[in-house]
Amino acid sequence: MRLLSEQDVERLIDPSAAIEAVAGGYVRHATGHMPEPGRLDVRRHEPEGNVLVLAGHSDDQLFATKLNTHAYPDPLSRQRRAASMMLLWDAVECRPLAMIATTAFNNHRTAAGLAAAARRLAPPQARTLAVFGAGKIAPAVIRYLSAVRLFERILIVGHGPTRAGELAAAVGRWPGFEDRLVKAESDPAEAARQADVIVTITTAKTPVFPGAAAKSGSLVILAGANRPDAREADDVLIGRAQIYVDHEMGCMTRAGDLAIPLASGHLPREHIAGEIGHAISGRLAPALPATDVTVFKSIGIIAQDIALGELILRRAKQDGVGTEFDPQDGTCQMAAPERAPGPSAITAPARVALS
C-alpha cells in the first residue's frame, strides 16, 4: 500500500490534469460507470463538529472510501478545522492500494469539479468572476476557474472585509495575476451585477446575494449550503435558472438550494436540465424560454475523488513518490519510480501553491 502525504499530493497535482480527470469522473458517474455513491454524514452538536464518509467504486474494479472530519476547537471564533484521509482498494484482490492525505486534496478536487463545469457552461467571453466566500477553498477555486476562462476582474465577497481583502491582496501577487483587477467587494448585489461567473463557496444558511442582480446570460456555481435546510441562492435566482447538477437525486434531496424551492413550487422540475457529466459528454439541453441564467449546483461526489485519486496514484507510481507500507508485517520503504530516471512528469511550474 502506498502512503501519500499532504506534501506528496501537492507535488502530484496540477490544475489542467486535475480538471481533465474530474471531468472524466463526472462523465463516468453520469453514464453509469460509477454506481450510486454512498454517503454518511454524522453530526455532533456539543461541541459542534461532524464526520462525513463518502464511498464508491468504478467499473475498473477500484473501491474508494474518504473520511472528512470538521471541528471547531474554539467555538467562539467560528474558525472550522478540517482533516481528511482517503483509502483506495483493489476490489478484486481485496488489497489496499493507497492511503492518501486528502485535506488539501479536497480543495483541488472541489475546485477542479467547478472548473470542469465552468469550462462547459460559462460564457466563452466571461471576463469578471465574483467569488462569495474567502475561506480555505477560495484560493483553489480562483486559480482553477481562471484556468478555464480569462478573467480580467476578480471580486471577492467575504463574511467580513478583512479576510476578503487579505485574499484579494494575496491573489494579486500570484504569478500571472499581477495585471488583473482583484479586489474585495463589500456589496453582494454589486458583485453579482458585474459578474459573468458567480461562484458561492460559503457556509451560509441563507442566500448570499439577491438573485435579481445576477446578469442575464451569466453562470452561477452554487457549491456550499449542502444541507436540506441551508441555501446560498434565493427563489428569484432559482426561478430564472436552467440548472445542472453533479448528482441529480442527491442535489434535489440534500441541497437546500434545490430542495427548498422544489418543495415550495418556486422551482419547476423541468428547469433541472440534468447531470453535468451528460453535458460534458454530449450536447447541452435546449435553453428554456423562461430562463436567462445557468446554474451548476455541486454537492461533491465520490466520482471526483476516485478520478483524482487515480491520477495521483498513477503519477506517484511513475515518479516514485510516497512510501510503500506492508499492512501485514508493518515494513515501510521509500517508493521507487516505475520508469527510468528522467524529467518528472510534473514540471516545477505546474506545482502551484493554492494560498
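For clarity, every value in this text was computed on a predicted model and none was experimentally measured.

Describe the pairing of strand β4 (residues 62-71), and please don't skip the residues or the numbers.
The alternating pattern of β4 places Leu62, Ala64, Lys66, Asn68 and His70 on a buried face, while none of Phe63, Thr65, Leu67, Thr69 and Ala71, on the opposite face, is buried. Sheet analysis places strand β3 (residues 48-58) next to β4, joined by 10 bridges and oriented antiparallel. Looking at the pairing, Leu54 lines up with Lys66 of β4. Between β3 and β4, which pair antiparallel in sequence order, lie three residues; one of them, Gln61, sits at a positive phi of approximately 70°. Sheet topology places β4 next to strand β5 (residues 81-90); 10 bridges connect them, and they run antiparallel. Directly across from Lys66, in β5, lies its bridge partner Met86.

Help me get a handle on the sheet that holds strand β2 (residues 38-45), residues and values and all.
A sheet is described by the order of its strands in space; here eight strands give the open sequence β2-β3-β4-β5-β6-β1-β15-β16, paired in mixed fashion. Every other strand in the sheet has two partners, leaving β2 and β16 (332-334) as the edge strands with one partner each. Looking at each pair of strands side by side, their axes are set apart by 20° on average, direction ignored. Bridge count for β2 against β3 is eight bridges, and the pairing is antiparallel. Its bridge partner being in β3, His45 is matched across the sheet by Glu48. Against the sheet, helix α3 (residues 103-121) touches β3, β4, β5 and β6 (95-101), its axis set at about 80° to β5. Sheet contacts for helix α11 (residues 302-319): β1 (2-4), β3, β4, β5 and β6; angle to β3, the most-contacted strand, approximately 70°.

Residues and numbers for the packing of aromatic side chains, please.
Taken as a whole, this structure holds three aromatic pairs when the rule is applied. Summarising the aromatic geometry, the rings of Trp174 and Phe177 are spaced 5.1 Å apart at their centres and angled 90° between planes, so their arrangement reads as edge-to-face. Considered together, Trp174 and Phe177 belong to a single accessibility category, that of buried residues. Above the face of the Trp174 ring, Arg143 is positioned so that its terminal group lies 4.0 Å from the ring centre. The ring of Phe177 is capped by Arg180, whose NZ or CZ atom sits 4.1 Å from the centre of that ring.

Break down the pattern of salt bridges for me, citing the residues and quoting the values.
Applying the stated criterion to the full structure yields 17 salt bridges. Between Arg119 and Glu20 there is a salt bridge; the shortest N-O distance is 2.7 Å. Of the two residues, Arg119 is situated in helix α3 and Glu20 in helix α2 (residues 15-30); the sequence distance between them amounts to 99 residues. Judged by its relative accessible area of 48%, Glu20 is partly exposed.

Give a description of the sheet that holds strand β12 (residues 241-245) that names residues and reports values.
Taken together, the eight strands give an open sheet; going across it, the order is β9-β8-β7-β10-β11-β14-β12-β13, and neighbouring strands pair in parallel fashion. Whereas interior strands pair on both sides, the edge strands pair on one side only; in this sheet they are β9 (181-184) and β13 (272-275). Pairs of neighbouring strands in the sheet enclose a mean axial angle of 15°, with direction left out of account. Relative to strand β14 (residues 293-297), β12 runs parallel, the two sharing five bridges. Paired with Tyr244 across the two strands is Phe296, which belongs to β14. Helix α4 (residues 138-146) rests against β7 (128-132), β8 (153-157), β10 (197-200) and β11 (219-222) of the sheet, and its axis sits at about 155° to β8.

Conventions we followed
Residues numbered from 1 in each chain as written. Predicted model: local features only at pLDDT ≥ 70, side-chain atom pairs only at ≥ 80, totals over all residues. Heavy atoms only, no water. Buried < 20%, exposed > 50% of the residue type's maximum accessible area, 1.4 Å probe, protein only. Helix = DSSP H or I, 4+ residues; strand = E, 2+ residues; numbered from the N terminus. Pairing = 2+ DSSP bridges. Axes fitted to C-alpha atoms, helices over the stretch in contact; angles between N-to-C directions. Contact = heavy atoms within 4.5 Å. Phe/Tyr/Trp six-rings, centres within 6.5 Å; stacked < 30°, edge-to-face > 60°. Lys NZ or Arg CZ within 6 Å of the ring centre and 35° of its normal. Salt bridge = Lys/Arg side-chain N within 4 Å of Asp/Glu carboxyl O.

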